[in-house]
Amino acid sequence: MSVQNVLSTIKENNIMFVDFRFVDLSGHAHHITLPSTEVDADTFVNGVAFDGSSIPGFRGIEESDMVMIPDTESSFIDPFTDHPTLNIMCNIHTPDGQRYERDPRSIAQKAEEYLQTSGVGTAAFFAPESEFFIFDDVRYESKMNTSFYSVDSAEAGWNTGRKEEGGNLGYKIPVKGGYVPVAPVDSQQDIRSEMVRIMQESGLRVERHHHEVATAGQAEINFRFDTLTKTADNLMKYKYIINNVARQWGKVATFMPKPLFGDNGSGMHVHQSIFNGDSPLFYEKGAYANLSPMAMHYIGGILHHAPALIALTNPSTNSFKRLVPGYEAPVNLVFSKGNRSAAIRIPVAAVTPKGCRIEFRTPDSTANPYISFAAMLLAGLDGIKRKLDPVALGYGPYDKNIYDLSDEEKKEIRSVPGTLDEALDALEADYEFLTEGGVFSKDFIDNYVQFKRAEAKAVAIRVHPHEYSLYFDC
């Protein structure tokens, strides 16, 4: 969409405000709103100024001035504001007009540019499956003398005995019993359908929605794949819509990987493939799972760099509460066709040549999509460049349930890092693949590691409620 088309959209839809947005290091969106009367063609050239020192992980107070440069391709009419508002995602520049090297969205664009200059292909396509919970009540607190969290859901398995006004109507979802039941067991059909309706009106092509495995309102809505940066934009839109629809319905959504102990967590399985023009490059009929040698090398790159990659795709301390065996969590760094216990699965049901892809199942939605998608692409491209063979490297294929293997067999399988600090250690030791083509800078990686280590330390030094159960009477 051209600048003139955006200005025409503002006029034709009686838009009163234009909301300029950018994304921080953690993947949270921020915005500054201008009256539409203050927006003209020059706005898209000169940008919108903001204070970078007030954004965690960006710039110091001595160099705080930054500029948002709008990307007209990302615009959509906000479905929630009382006053007609047009939302536009922006790239971040320094006052002298240079791309800001810590801007996540610019990193995603540089990754796409690197792909195009590499000679491998013209576009990488991504499709994240971002799972989430819809709760009725969330309370939490962390002080020097108290620390707790409490969540509740009318459909939760722990509420079978709860006395409710008008009586308990039953039909609760047991632990691990929530995968695609019909109503009245699935109590959230209508709220998910409303989310889908608004997504479609906002430009997303939604393929399906359903209840997920866990109790207490775990859900999944799948939207159509697109190129790297556009998919990251779409994921930001997706999360914005889910959070706001939940709020409108008097509920709250969370993409936290493991909000409940003892049941499945929420992942963000990421499907990915590379095309050259209209030609899919990951397909070869008759090969293992119909995967081309290029696709196998891409898998080799992802699995080879996985410990470092996970610092970007699973960047929270809570991520590693999900990455434990027994909850369908892909903790094993192997590949397989159709096997959901592997870190990389190759979908084989109803797949066409253009639909042939790999699915990296380890990531979760605490990941910044611009950074994590870029990092996955760079890991895969490194595998293609170096012709890394996942079979020769011992990554599979494992076409049986890995959790059923003997202890001796499991010794041959690498696992994901056990903590965020371990993943950050791996990133510090293995980051060169990210700096290819100048996509990530060493400054970005150093800043990111420092930023995330502070989060890990903040959790590690605090007293945990379960420690009272273990040690109070020692």
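Residues numbered from 1 in each chain as written. Predicted model: local features only at pLDDT ≥ 70, side-chain atom pairs only at ≥ 80, totals over all residues. Heavy atoms only, no water.

### Topic: the packing of helix H6 (residues 293-304) against helix H7 (residues 306-313)
Next, step 1: At a minimum axis separation of 6 Å, H6 and H7 run at an interaxial angle of 75°. With respect to their mutual orientation, H6 and H7 come out roughly perpendicular. For the pair H6 and H7, contact is made by Ile302, Leu303 and His304 and by Ala306, Pro307 and Leu309, respectively.
Next, step 2: The residue inventory of the contact of H6 with H7, partitioned by class, reads five nonpolar, one polar and no charged. (Axes fitted to C-alpha atoms, helices over the stretch in contact; angles between N-to-C directions. Helix = DSSP H or I, 4+ residues; strand = E, 2+ residues; numbered from the N terminus. Parallel < 35°, antiparallel > 145°, perpendicular 65-115°, else oblique. Contact = heavy atoms within 4.5 Å. Nonpolar A, V, L, I, M, F, W, Y, C, P; charged D, E, K, R; others polar.)

### Points about the packing of aromatic side chains
Next, step 1: Inspection of every chain in the model, using the stated rule, returns 17 aromatic pairs.
Next, step 2: A ring pair is formed by Phe133 and Phe135, whose centres lie 5.4 Å apart and whose planes are at 20°; its orientation type is stacked.
Next, step 3: Accessibility expressed as a relative area gives 0% for Phe133, which makes it buried.
Next, step 4: For Phe135, a relative accessible area of 1% puts it in the buried group. (Phe/Tyr/Trp six-rings, centres within 6.5 Å; stacked < 30°, edge-to-face > 60°. Buried < 20%, exposed > 50% of the residue type's maximum accessible area, 1.4 Å probe, protein only.)

### Remarks on the side chain of Glu155
Next, step 1: On the secondary structure map, Glu155 appears in the loop between strand S9 (147-152) and helix H4 (189-201).
Next, step 2: For the buried Glu155, no salt bridge exists, and the shortest N-O distance to an oppositely charged side chain is 6.6 Å, to Arg192.
Next, step 3: Side chain to side chain, Glu155 and His211 meet in a polar contact 2.5 Å long.
Next, step 4: Not counting the four nearest positions on each side in its chain, Glu155 is found in contact with Lys172, Ile173, Val185, Ser187, Gln188, His211, Thr215, Ala216 and Gly217. (Lys, Arg positive; Asp, Glu negative; His and termini not counted. Salt bridge = Lys/Arg side-chain N within 4 Å of Asp/Glu carboxyl O. Polar contact = N/O pair within 3.5 Å; in protein donor to acceptor, adjacent residues only side chain to side chain.)

### Brief notes about the packing of helix H11 (residues 420-429) against helix H12 (residues 442-460)
Next, step 1: Packing of H11 against H12 leaves a shortest axis separation of 10 Å and a crossing angle of 165°. Judged by the inter-axis angle, H11 sits roughly antiparallel to H12. The handedness of the crossing between H11 and H12 is left-handed. Residues Leu420, Asp421, Leu424, Asp425, Leu427 and Glu428 of H11 lie in contact with H12, whose contacting residues are Ile445, Tyr448, Val449, Lys452, Arg453 and Ala456.
Next, step 2: Looking at side-chain class alone, the contact of H11 with H12 contains seven nonpolar, no polar and five charged residues. (Left-handed = near helix turned anticlockwise from the far one by under 90°.)

### Thoughts on the domain arrangement of the protein chain
Accessible area lost when the parts come together is the quantity often used to give the size of an interface.
Next, step 1: When the domains of the protein chain are assigned, the result is domain 1 (3-100) and domain 2 (123-466).
Next, step 2: Between domain 1 and domain 2, the C-alpha centre-to-centre distance is 29 Å.
Next, step 3: Listed by partner, the interface residues are 18 residues for domain 1 and 20 residues for domain 2.
Next, step 4: Both faces combined, the contact of domain 1 with domain 2 buries some 1,500 Å², and carbon together with sulfur accounts for 65% of it.
Next, step 5: Looking at the side of domain 1 facing domain 2, the largest losses of area belong to Leu25, Phe76 and Phe80, adding up to 45% of the total buried there.
Next, step 6: At the boundary of domain 1 and domain 2, one finds zero salt bridges.
Next, step 7: Taken together, the links from domain 1 to domain 2 amount to five residue pairs in polar contact (both at pLDDT 80 or more). (Domains from an automatic or database assignment. Buried area = accessible area lost by both parts, 1.4 Å probe.)

### Topic: a nonpolar patch on the surface
Next, step 1: A grouping of Val138, Tyr140, Tyr149, Val252 and Phe261 is seen on the molecular surface, where their side chains present a nonpolar patch of about 620 Å² in accessible area.
Next, step 2: Mapped onto the fold, Val252 is located in strand S13 (residues 252-254).
Next, step 3: The exposure class assigned to Val252 is partly exposed, which follows from its relative accessible area of 33%. (Patch = residues over 30% accessible without salt bridge, like charges linked within 9 Å, V, L, I, M, F, W, Y side chains within 5 Å. Areas by Shrake-Rupley, 256 points an atom, 1.4 Å probe, with all protein chains shown as cover.)

### So, the UniProt feature "modified residue: O-AMP-tyrosine" (unreviewed entry) in the protein chain
Next, step 1: Mapped onto this numbering, the UniProt entry gives "modified residue: O-AMP-tyrosine" (unreviewed entry) at Tyr403.
Next, step 2: By the element assignment, Tyr403 lies in the loop between helix H9 (369-386) and helix H10 (407-410).
Next, step 3: By relative accessible area, which is 24% here, Tyr403 ends up partly exposed.
Next, step 4: Excluding its chain neighbours within four sequence positions, the residues that come into contact with Tyr403 are Pro325, Gly326, Glu328, Ala329, Pro330, Val331, Asn332, Ser341 and Lys410. (UniProt positions renumbered as here; feature names shortened; annotations may be inferred.)

### A word on the pattern of salt bridges
Next, step 1: Under the definition given, this model contains 23 salt bridges.
Next, step 2: The salt bridge partner of Arg345 is Glu359, with a shortest N-O separation of 2.7 Å. Taken together, the positions of Arg345 in strand S17 (residues 342-346) and Glu359 in strand S18 (residues 358-360) put the pair 14 residues apart, joining distant regions of the chain.
Next, step 3: Residue class for Arg345 comes out buried when judged on its relative accessible area of 10%.
Next, step 4: Where Glu455 meets Lys452, a salt bridge forms, and the shortest distance between an N and an O atom there is 3.3 Å. Of the two residues, Glu455 and Lys452 are both situated in helix H12; the distance of three residues between them amounts to about one turn of the helix.

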